[in-house]
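Read off the chains here:
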Amino acid sequence: QTLFADVDVGDGKQYATLEDAKEAVWKFAQEHPAFLPSIAVKSGSGLHLYWLLDQPIPPETWKPLADGLKALCAQSGFKIDPAVTGDAARILRPVGTLNHKYNPPAKVAGRAPTDKRYSADELSKALQSALSSTSSRNGNSELAEVSPSLAAQGAASSGELGSELGQPSADL
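The model shown is predicted, which means the values in this text are computed figures rather than measured ones.

Ordered by their spatial adjacency, four strands build an open sheet running β1-β3-β2-β6, and the pairing between neighbours is antiparallel. This sheet does not close on itself; its edge strands, each paired only once, are β1 (2–7) and β6 (109–111). Within the sheet, the average angular offset between the axes of one strand and its neighbour, ignoring direction, is 20°. Both β1 and strand β3 (residues 47–52) contribute to a ladder of six bridges, which runs antiparallel. Across the sheet, the residue bridging to F4 is Y50, located in β3.

Structure below.
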């Protein structure tokens, strides 16, 4: 199981260029080192990011985590498609396939910036901490309302940012 985010690129999308999107991913990972994606996929013109979980979790555990990730991205100014991140039934483009929205079709390619697998508890605690921190920095003393189960969690250490994500210009 995973948490995931769709970062759209192109005219009228969240980011104008793939380089802009990579820069945003890099900035988000630097600001929130506990959220270095396990896998980054070039989906055609955009990116799919995955945070791999160390074990399967039920939808009632997954949903608050997905909502927390959406909230953290929004509070951090990291533009993702929140409908995708919050859709537990969503299947994103598999690596090795072709995206036929383009002519010629674009190859879907990915790489693993880290081999990290996250526990649901670890992500929940890190989200609580990051949302509290981001909310305070933005001058908002109220914690973003994500879910009662996430809000009940304590703070966690954020870990260190690995260099595995590479610079924004790194190939995917």
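Still more ground to cover, so stick around.
This part covers helix α1 (residues 18–31). Taking 1.5 Å of rise per residue, the 14 residues of α1 would be expected to cover 20 Å, and the 20 Å separating its terminal C-alpha atoms lies within 8% of that figure. Burial in α1 covers these residues: L18, A21, K22, A24, V25, W26, F28 and A29. Those residues of α1 that are buried lie in contact with β1, β2 (39–42), β3 and α2 (59–76).

Right, let's get into the side chain of H48. By the secondary structure assignment, H48 is in strand β3. Side-chain polar atoms of H48 contact the side chain of D6, separated by 3.4 Å. In this structure, H48 is in contact with A5, D6, I39, A40, V41, S43, L92 and R93, ignoring residues within four places of it in sequence.

Let us look at α2. For α2, spanning 18 residues, the distance from its first C-alpha to its last is 25 Å, which sits close to the expected 26 Å at 1.5 Å a residue. Three or more residues of α2 are buried, namely W62, P64, L65, A66, D67, G68, L69, A71, L72, C73 and S76. Immediately downstream of α2, the backbone of G77 shows phi near 80°, a positive value.

Moving on to the environment of I91. Residue position: I91 is located in the loop between α3 (82–85) and β4 (98–99). For I91, a relative accessible area of 72% puts it in the exposed group. Spatially, the C-alpha atom of I91 lies 10.0 Å from that of F4, the residues being 87 residues apart in sequence.

A few words now on the packing of aromatic side chains. Within this structure, the stated rule accounts for two aromatic pairs. Where F28 meets F78, the ring centres are 4.9 Å apart and the plane angle is 25°; that geometry is what we call stacked. One end of the pair, F28, is in helix α1; the other, F78, is in the loop between α2 and α3, with 50 residues separating them in the sequence. You'll find F28 and F78 in the same group, each marked buried.

Conventions and cut-offs
Residues numbered from 1 in each chain as written. Predicted model: local features only at pLDDT ≥ 70, side-chain atom pairs only at ≥ 80, totals over all residues. Heavy atoms only, no water. Pairing = 2+ DSSP bridges. Helix = DSSP H or I, 4+ residues; strand = E, 2+ residues; numbered from the N terminus. Axes fitted to C-alpha atoms, helices over the stretch in contact; angles between N-to-C directions. Expected span 1.5 Å × (residues − 1). Buried < 20%, exposed > 50% of the residue type's maximum accessible area, 1.4 Å probe, protein only. Contact = heavy atoms within 4.5 Å. Polar contact = N/O pair within 3.5 Å; in protein donor to acceptor, adjacent residues only side chain to side chain. Phe/Tyr/Trp six-rings, centres within 6.5 Å; stacked < 30°, edge-to-face > 60°.

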